[in-house]
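# Close look at the chain arrangement
This is what each chain is made of:
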Amino acid sequence: MIRFSFASILVMSTVAAAAADSPNIVVIMADDLGYGDVSCYGAESLQTPNIDKLASEGIRFTNGHCSASTCTPTRYSLLTGTYAFRGERTGIAPPNSPAIIKPGTETVASILKRAGYATAVIGKWHLGLGGPDGPNWNGDLKPGPLEIGFDTCFLLPTTNDRVPQVYVNDHVVPNLDPADPLWVGDKKPNPDHPTGLSHRHSLKMDWSHGHNSTIHNGISRIGFYTGGMAARFRDEDLADKWVEKSVEFIEQHKDEPFFLFFSSHDIHVPRMPHERFQGKTPLGFRGDAIVQLDWCVGELTKTLDRLGLTEKTLVVFCSDNGPVLDDGYKDGAVEKNGSHRAAGKYTGGKYSVFEGGTRTPFITRWPGHIKPAESDELVCTIDLAASLAALTEQELPANSCLDSFNVLDALLGEQNANGRDHLITQNNGNNGTYALRAGDWKLHRYDRHTARNKIVEQQLADTKMPQFVLYDLKSDPSESRDVLQDNVAVADRMKGQLAKLIEDGRSRN
Ligand code: NG6
Ligand code: CA
């Protein structure tokens, strides 16, 4: 259902023309940002005026999801339109992961490129680089984004708590001095190599679990690396760099349709926002990183305004998974959280298939085409492929984007438009933790408690979940009462539906 705001009446007349033009498309994906982490979704401990403005000028979805509660699988499915549990090695990618999406796979970027768009991804990648042997950090870094439809990329190659802290521009690490090659590995390169264990006293931010290998910028990370000193960045400068590169890309392509995937590293650990944002919120660096993310959104929308592109640009704002407070560093997130509810009224967060794991802020804005409104239609980041293909009048080849539904009308807020009638969410890779949403019912399925990730393993052990649990989100949005025994027929139907959706290998017609 969609509820229009008063201001929306003013732009009603232009809506019919929406599908006719192909707007620029900017997808802003936050990292680990929860449903309740921004002020337009209820946060009171901090203000996010730029994200709030986006929401007030567009559609604020209250039932918008990513497809997984960790990063790599959500990003895999956002780009490919296929559930990550169908793919190989789609769990949280290690530092030397090869490219997870094979060259030639249809993606949001390849679809839009075919439609004549200039395409770029700027920011966090975390989908692996290179052939079966992994990334060739000192040479040609491919395949990667350029082999699946992006014209250009400027990346944080993994996730910032994993080594190495260098950028990747198209196929190379910029500023790499050949005399100081970059080595990345999962074993200590020599006995004297300083780590978060041996040099814990020297760290500017201490770790709480894992994250005790190579130290860079006073922060120890997951994995080891040496060399590439001239190419290394400071964590504090990442957001500025994403904005600088994005503004450059938008300026270069202002006269042709463009697709920018702005993939922020905020608010993933290590949370180390620029000095000018440090201390700006009572929530510590986690809150300060949210404010930094909001600043980035403001810079992007200001750039669109300055270039006269605001009404020619569809902006989508979303997150790659729900929130987590302590994700491996002692950054004050737990101690300073106060009454802040990072997942809003929902249970769970990152790593879980409770609503908090995948229900996130989700906003679409296209002034003059989208009427400001609030929508509770079920939409997911996995639907961008089919929906943007429809927007740009591109055919989806039958064997691609296997789980992406065309929910364009819902994303544009057309009256009576429906979102999905069901959605599978998962936590990580292929570890057999799923949830199936159908209407207000939600079935959790926990196949085995052997997740590779120790935290996930612990959480699963802690929850002591039976294999199947059923919730009624209408009466119990926080998933606190298992109603399976009272609704055996519903549960059986959904168990069958979930099994079939998995077995069929696709859910799109
Ligand atoms: C986990 C890390 C966590 C984070 C996550 C990936 C440990 C103990 N935990 O394995 O800190 O990096 O992976 O996050 O190492 S994601 O948002 O990129 O999926
Ligand atoms: Ca994430």
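Please read these numbers as outputs of a predicted model, since none were measured by experiment. (Residues numbered from 1 in each chain as written. Chains lettered and ligands numbered in written order. Predicted model: local features only at pLDDT ≥ 70, side-chain atom pairs only at ≥ 80, totals over all residues. Heavy atoms only, no water.)

This brings us to the domain arrangement of the protein. In terms of domains, the protein is made up of domain 1 (21–411) and domain 2 (422–504). Using C-alpha coordinates to define each centre, domain 1 is positioned 26 Å away from domain 2. In this complex, domain 1 contributes 32 residues to the contact, which on the side of domain 2 involves 29 residues. Of the roughly 2500 Å² buried between domain 1 and domain 2, counting both surfaces, carbon and sulfur atoms make up 55%. Per-residue buried area on domain 1 facing domain 2 is highest for Phe85, Tyr351 and Val353; these three make up 30% of the total on that side. Across the domain 1-domain 2 interface, the total number found is 2 salt bridges. (Domains from an automatic or database assignment. Contact = heavy atoms within 4.5 Å. Buried area = accessible area lost by both parts, 1.4 Å probe. Salt bridge = Lys/Arg side-chain N within 4 Å of Asp/Glu carboxyl O.)

The calcium ion (ligand 2) binds to the protein through Asp31 (OD), Asp32 (OD), Asp320 (OD), Asp320 (OD) and Asn321 (OD1); the donor distances cover 2.2 to 2.7 Å. Every donor counted, the 6 donor atoms about the calcium ion (ligand 2) form angles of 51 to 171° at the centre, which fits irregular coordination. Read in sequence order, the donor residues coordinating the calcium ion (ligand 2) give the pattern D-D-x287-D-N. Placement of the pair is Asp31 in the loop between strand S2 (24–30) and helix H1 (49–57) and Asn321 in the loop between strand S13 (313–319) and helix H6 (355–358), with a sequence separation of 290 residues. Each member of the pair, Asp31 together with Asn321, is buried. (Donors = N, O, S within 2.8 Å, 3.2 Å for Na, K, Ca; no water. Tetrahedral: all angles 85-135°; square planar, octahedral: opposite > 155°, others 65-115°. Helix = DSSP H or I, 4+ residues; strand = E, 2+ residues; numbered from the N terminus. Buried < 20%, exposed > 50% of the residue type's maximum accessible area, 1.4 Å probe, protein only.)

The next subject is the side chain of Gln426. Looking at the secondary structure, you find Gln426 in strand S17 (residues 422–426). With near-sequence residues (within four places) excluded, Gln426 lies in contact with Ser67, Ala68, Ser69, Pro73, Tyr83, Ala84, Phe85, Val353, Thr433 and Tyr434.

What follows is about the site of ligand 1. Taken together, 20 residues lie around ligand 1, and Cys71, Asp161, Arg162, Asp327 and Lys350 are the ones closest in. The side chain of Lys124 places a nitrogen or oxygen atom 3.2 Å from an oxygen atom of ligand 1. Between ligand 1 and His268, the relevant distance is 2.9 Å, taken from an oxygen atom to a side-chain nitrogen or oxygen of the residue. The protein chains hide 91% of the 450 Å² of surface that ligand 1 would expose on its own. Broken down by class, the residue content of the shell around ligand 1 amounts to 5 nonpolar, 8 polar and 7 charged. (Near = heavy atom within 4 Å. Polar contact = N/O pair within 3.5 Å; in protein donor to acceptor, adjacent residues only side chain to side chain. Areas by Shrake-Rupley, 256 points an atom, 1.4 Å probe, with all protein chains shown as cover. Nonpolar A, V, L, I, M, F, W, Y, C, P; charged D, E, K, R; others polar.)

Before going further, it helps to spend a moment on helix H4 (residues 238–252). Helix length check: H4 (15 residues) gives 21 Å between terminal C-alpha atoms against 21 Å at 1.5 Å per residue, within 8%. Among all positions of H4, only Leu238, Ala239, Trp242, Val243, Lys245, Ser246, Val247, Phe249 and Ile250 are buried. If you follow the buried residues of H4, they end up packed against strand S5 (118–124), strand S6 (152–156), strand S12 (258–263) and helix H5 (285–306). (Expected span 1.5 Å × (residues − 1).)

What follows covers the sheet that holds strand S18 (residues 433–438). Overall, antiparallel pairing links the 4 strands, which are arranged S17-S18-S19-S20 in an open sheet. Taken across any chain shown, the strands that pair with only one partner, and hence form the sheet edges, are S17 and strand S20 (468–472). Within the sheet, the average angular offset between the axes of one strand and its neighbour, ignoring direction, is 15°. The pairing of strand S19 (residues 441–446) with S20 spans 5 bridges and is antiparallel. Bridging across to S20, Arg445 finds its partner in Phe468. (Pairing = 2+ DSSP bridges. Axes fitted to C-alpha atoms, helices over the stretch in contact; angles between N-to-C directions.)

This brings us to the nonpolar core. Core analysis: the largest hydrophobic core is formed by 61 residues, its most contacted members being Trp125 and Phe259. For this core, the element with the highest residue contribution is helix H7 (residues 384–391), accounting for 6 residues. Excluding residues within four positions of it along the chain, Trp125 makes contact with Arg75, Leu79, Gly144, Pro145, Ile148, Phe150, Leu155, Leu156, Pro157 and Thr158. Ranked by size, the runner-up nonpolar core spans 44 residues in total, among them Val38, Ile122, Tyr167 and Leu260. (Core = buried A, V, L, I, M, F, W, Y, C linked by side-chain atoms within 4.5 Å.)

Here we come to the packing of H1 against H5. Running from amino to carboxyl end, H1 crosses H5 at an angle of 55°, the nearest separation of the two axes being 7 Å. With respect to their mutual orientation, H1 and H5 come out oblique. In this structure, H1 contributes Pro49, Asn50, Ile51 and Leu54 to the contact, and H5 contributes Leu293, Asp294, Trp295, Val297, Gly298 and Thr301. Residue composition of the contact of H1 with H5, grouped by class: 6 nonpolar, 3 polar and 1 charged. (Parallel < 35°, antiparallel > 145°, perpendicular 65-115°, else oblique.)

Summed over all chains, the structure comprises 13 aromatic pairs. On the numbers, 6.4 Å between centres and 85° between planes, the contact of Trp125 with Phe150 is edge-to-face. Residue Trp125 is found in the loop between S5 and S6, and its partner Phe150 is found in the loop between S5 and S6; the two are separated by 25 residues along the sequence. Measuring from ring centre to ring centre gives 5.9 Å for Phe277 and Trp295, while their planes differ by 55°; the resulting arrangement is tilted. Of this pair, Phe277 sits in the loop between S12 and H5 while Trp295 sits in helix H5, and the two are 18 residues apart along the sequence. Classification of Phe277 by relative accessible area gives buried; the value is 8%. (Phe/Tyr/Trp six-rings, centres within 6.5 Å; stacked < 30°, edge-to-face > 60°.)

All right, on to the sheet that holds S2 then. As summarised here, the arrangement of the 10 strands in space is S1-S15-S3-S14-S13-S2-S12-S5-S6-S7, forming an open sheet in which the pairing is mixed. At either end of the open sheet lies a strand with only one pairing partner, and these are strand S1 (2–4) and strand S7 (168–169). Alignment of S5 against S6, held across 5 bridges, turns out to be parallel. Paired with Lys124 across the strands is Leu156, a residue of S6. On the sheet, H1 packs against strand S3 (59–61), S13 and strand S14 (362–365) and is oriented at approximately 60° with respect to S14.

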